[in-house]
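Residue-level listing of the chains:
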Amino acid sequence: MRIYEAKDYDDMSRKAANIIFAQVTMKPDCTLGLATGSTPIGMYQNLVERYNAGDIDFSEVTTANLDEYRGIEPTNEQSYYYFMNEHLFSKVNIDKNNTNIPDGTNMDVEAESARYEQVLRTLGGVDMQLLGIGRNGHIGFNEPGEEFVKETHCVDLAESTIEANKRFFDSIDDVPKQAYTMGIQTIMKAKKILLIVSGEDKADAVAKSFFGPVTPKVPGSILQMHQDVIVIADRAALSKCPR
Ligand code: PGA
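Residues numbered from 1 in each chain as written. Predicted model: local features only at pLDDT ≥ 70, side-chain atom pairs only at ≥ 80, totals over all residues. Heavy atoms only, no water.

Peer 1: Even after reading the chapter, I still don't get the site of the ligand, so can you show me in this structure?
Peer 2: Around the ligand, the structure places Gly37, Ser38, Thr39, Gly132, Ile133, Gly134, His138, Arg167 and Lys202. Note that an oxygen atom of the ligand is positioned 2.7 Å from one of the side-chain N or O atoms of Lys202. With the chains in place, 86% of the 280 Å² that the ligand exposes on its own is no longer accessible. Residues of the shell around the ligand, tallied by class, amount to one nonpolar, six polar and two charged. (Near = heavy atom within 4 Å. Polar contact = N/O pair within 3.5 Å; in protein donor to acceptor, adjacent residues only side chain to side chain. Areas by Shrake-Rupley, 256 points an atom, 1.4 Å probe, with all protein chains shown as cover. Nonpolar A, V, L, I, M, F, W, Y, C, P; charged D, E, K, R; others polar.)

Peer 1: In this structure, what is going on with a nonpolar patch on the surface? I would like to understand it.
Peer 2: A grouping of Met1, Ile3 and Phe211 is seen on the molecular surface, where their side chains present a nonpolar patch of about 250 Å² in accessible area. You can see Ile3 is positioned in strand 1 (residues 2-6). (Patch = residues over 30% accessible without salt bridge, like charges linked within 9 Å, V, L, I, M, F, W, Y side chains within 5 Å. Salt bridge = Lys/Arg side-chain N within 4 Å of Asp/Glu carboxyl O. Helix = DSSP H or I, 4+ residues; strand = E, 2+ residues; numbered from the N terminus.)

Peer 1: For this particular structure, what's the right way to read the sheet that holds strand 4 (residues 67-69)?
Peer 2: Backbone hydrogen bonds are what pair the strands of a sheet, in a parallel or an antiparallel way. Taken together, the three strands give an open sheet; going across it, the order is 4-8-7, and neighbouring strands pair in antiparallel fashion. Only two strands of the sheet have a single neighbouring strand rather than two, namely strand 4 and strand 7 (153-156). Averaged over all neighbouring strand pairs, the angle between strand axes comes to 25 degrees, with direction disregarded. Here strand 7 runs beside strand 8 (residues 178-181); their pairing, made up of four bridges, is antiparallel. (Pairing = 2+ DSSP bridges. Axes fitted to C-alpha atoms, helices over the stretch in contact; angles between N-to-C directions.)

Peer 1: Looking at this structure, I do not really get the packing of aromatic side chains. What am I missing?
Peer 2: Each aromatic ring pair is described using two quantities: the centre-to-centre distance and the angle formed by the ring planes. Following the criterion strictly, the structure yields five aromatic pairs and no others. Between Tyr44 and Phe83 the ring centres are 6.3 Å apart and the planes differ by 70 degrees, which places this aromatic pair in the edge-to-face class. On the criterion of sequence distance, the pair formed by Tyr44 in helix 2 (residues 41-52) and Phe83 in helix 3 (residues 80-87) is long-range, its members being 39 residues apart. Residue class for Tyr44 comes out buried when judged on its relative accessible area of 1%. (Phe/Tyr/Trp six-rings, centres within 6.5 Å; stacked < 30°, edge-to-face > 60°. Buried < 20%, exposed > 50% of the residue type's maximum accessible area, 1.4 Å probe, protein only.)

Peer 1: Quick question: what am I supposed to make of the sheet that holds strand 3 (residues 62-65) here?
Peer 2: Pairing is parallel across the open sheet formed by seven strands, whose spatial order is 1-10-9-6-2-3-5. Of all strands in the sheet, those bounded by a partner on one side alone are strand 1 and strand 5 (99-100). Along the sheet, helix 4 (residues 109-123) makes contact with strand 2 (31-34), strand 3 and strand 5, crossing strand 3 at roughly 150 degrees. (Contact = heavy atoms within 4.5 Å.)

Peer 1: Looking at this model, I keep getting lost on the nonpolar core. Mind explaining?
Peer 2: Nonpolar side chains in soluble globular proteins tend to be buried together. Residues Met43, Tyr44, Ile139, Leu194, Leu195, Leu223 and Ile232 are the most contacted members of the largest nonpolar core, which totals 60 residues. Not counting residues within four places of it along the chain, the set of residues in contact with Leu223 comprises Met1, Leu131, Ile139, Met188, Ile193, Leu195, Phe210 and Val229. Grouped together as the second largest cluster of nonpolar side chains are 10 residues, Ile72, Val155, Phe169 and Ala179 included. (Core = buried A, V, L, I, M, F, W, Y, C linked by side-chain atoms within 4.5 Å.)

Peer 1: What am I meant to see in the pattern of salt bridges here?
Peer 2: When the charged atoms of two side chains with opposite charge come close together, those side chains can pair. All told, the structure shown has 13 salt bridges when counted by the stated rule. The residue Glu5 makes a salt bridge to Arg235 at a minimum N-O spacing of 2.9 Å. Of this pair, Glu5 sits in strand 1 while Arg235 is found in the segment after strand 10 (229-234), placing the two residues 230 residues apart along the sequence. When its relative accessible area of 34% is taken as the criterion, Glu5 is described as partly exposed. Here Arg235 falls in the partly exposed class, since its relative accessible area comes to 46%. Salt-bridge contacts for Arg14 lead to Asp11; the nearest nitrogen and oxygen are separated by 2.8 Å. Linking Arg14 with Asp11, this pair stays in helix 1 (residues 9-26), spanning three residues, or about one helical turn. The partly exposed category is assigned to Arg14, whose relative accessible area is 41%. One network of salt bridges, with partners in common, ties together Arg2, Lys192 and Asp228.

In short, shape yes, function no, at least from these values alone.
Laid out in structure tokens, this is it:
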């Protein structure tokens, strides 16, 4: 695991965009695993700017997103489908047929989990998986628990996650309580992982995930077992790490 310190959110976003930029330049037909949330917004902006400057071509790129709320329409502004269109897909020359996100409208948990896992198998592996990390150490929506769940599944969101995500909704009652997420093994199969994190409120999660014991109680800690992880964290997020 290589941990790079960024000065602040903007610096983190630029450094992360540089890595995705390098990945797509080196392998134009790569499969990118993508993430949503507040953290990657600046990175996507950077990528869109570089696309507009003519420096990056997404025409052969395939994507697979980590997660999606269950029971949400793609037209809902809080769906991750909507987010991806808003921040990246509608702004670059990616072929929408090559973008994949769990289907939040499929209420059949077993069918949707199996379908998405099959999609990922068919893609033949993710070249670079982008991750954020939750304040409770979750990756994707793999919440702290007693065991690592391997494959794509439906999760009950932790109270702290619902609390953290309520800022995007009119009221806490509108926050979906469940989501589909890639499992831990699904994530760990990616050839490379790029984790980005910013802010002091993530400092505990960062210290526990990268310097504590590997435990399903801190899902991000499993990344210590992956052989090719790049973390780009700003100073605030690294503030509780051992020096
Ligand atoms: P955030 O979410 O980027 O909105 O903080 C990250 C995560 O929960 O994985």
